[in-house]
Every structure is written in structure tokens, then in C-alpha cells.
Amino acid sequence: MTVKECYEQMGSNYNNVLERLGSEALVKRFAIKFKDDPSFMNLTNALEAGDADEAFRAAHTLKGICLNLGFDKLYEASAALTELLRGREMQQGYKELYRAVKEQYDITLAAVSGMQD
């Protein structure tokens, strides 16, 4: 699939990120690097360990990466979780928000993995 199709598959606005980064080659390059980013795994591990401080950092990092890459749906989900964890406490509702992040992460990763080399 093309880079534009990848963004369409994940429900993101390709034209916005293209305008921001300036070229399709850069969009593709950075999107592909996302597959190796440890933020989601760090978030998962921190939540499993009950480490709210580390979970906040990981969610915040993931949110920033998604904002920069134009991964809109994953950005929205990770932003909601970031705000819930901002007080560095495992507040009620974090599991549901994490599930939304995981769902969007899986969609995003599948789309990025489907891009043509």
C-alpha cells in the first residue's frame, strides 16, 4: 500500500502530515521507524507493573510521537490515557483507556507494516 493509503487505513489525515514534514519520503521514513519505537511496550510493561509514573511517561511519549507523525486516532487515545495518568496514579478507568490505545496501536502498526518498501 502507498503512504497515503496507509494513513487512510488508520484514519489519519495524510495531507496534514505531508504539509508538516514536506515530502512523502520523510513521512514514510518516520512512519516506518515507528515500528521500532519502544513507547507502547514501555506503557504496557509499566501498567502491568503498576508503575503509574513510568506509565505516564510512556503514554506522554507515545502521544507526542503520534502527534508529530499525524497518527490521529492513536494520538487521541494516548492523549486521553496521558491525561488520566498525569497525576502519576493508577486511577479508575485506565484499563479501558489502555484498551483503546492498544486497539489503535494495533491498527496503526498494521497499516505502517503494510506500506510498500
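Residues numbered from 1 in each chain as written. Predicted model: local features only at pLDDT ≥ 70, side-chain atom pairs only at ≥ 80, totals over all residues. Heavy atoms only, no water.

Peer 1: I'd like a rundown of helix α2 (residues 14–21), residues and numbers included.
Peer 2: Its side-chain oxygen 3.1 Å from the backbone nitrogen of Asn15, Asn13 forms the N-cap of α2. Downstream of α2 by a residue or two, Gly22 has a phi angle that is positive, lying close to 95 degrees. (Polar contact = N/O pair within 3.5 Å; in protein donor to acceptor, adjacent residues only side chain to side chain. Helix = DSSP H or I, 4+ residues; strand = E, 2+ residues; numbered from the N terminus.)

Peer 1: I'd like a description of the packing of aromatic side chains, backed by residues and values.
Peer 2: Within this structure, the stated rule accounts for six aromatic pairs. Three or more aromatic residues link up through ring pairs in this structure, and these residues are Tyr7, Tyr14, Phe34, Phe40, Phe71, Tyr98 and Tyr105. Against the face of Phe30 rests Arg29, its NZ or CZ located 5.4 Å from the ring centre. (Phe/Tyr/Trp six-rings, centres within 6.5 Å; stacked < 30°, edge-to-face > 60°. Lys NZ or Arg CZ within 6 Å of the ring centre and 35° of its normal.)

Peer 1: Requested: an account of the side chain of Ser39, with residues and values cited.
Peer 2: As for its position among the elements, Ser39 is in helix α4 (residues 39–49). Using a relative accessible area of 4% as the deciding quantity, one classes Ser39 as buried. There is a polar contact of 2.6 Å between the side chain of Ser39 and the side chain of Asp37. Beyond its immediate sequence surroundings of up to four residues, Ser39 is in contact with Ala58, Thr61, Leu62 and Ile65. (Buried < 20%, exposed > 50% of the residue type's maximum accessible area, 1.4 Å probe, protein only. Contact = heavy atoms within 4.5 Å.)

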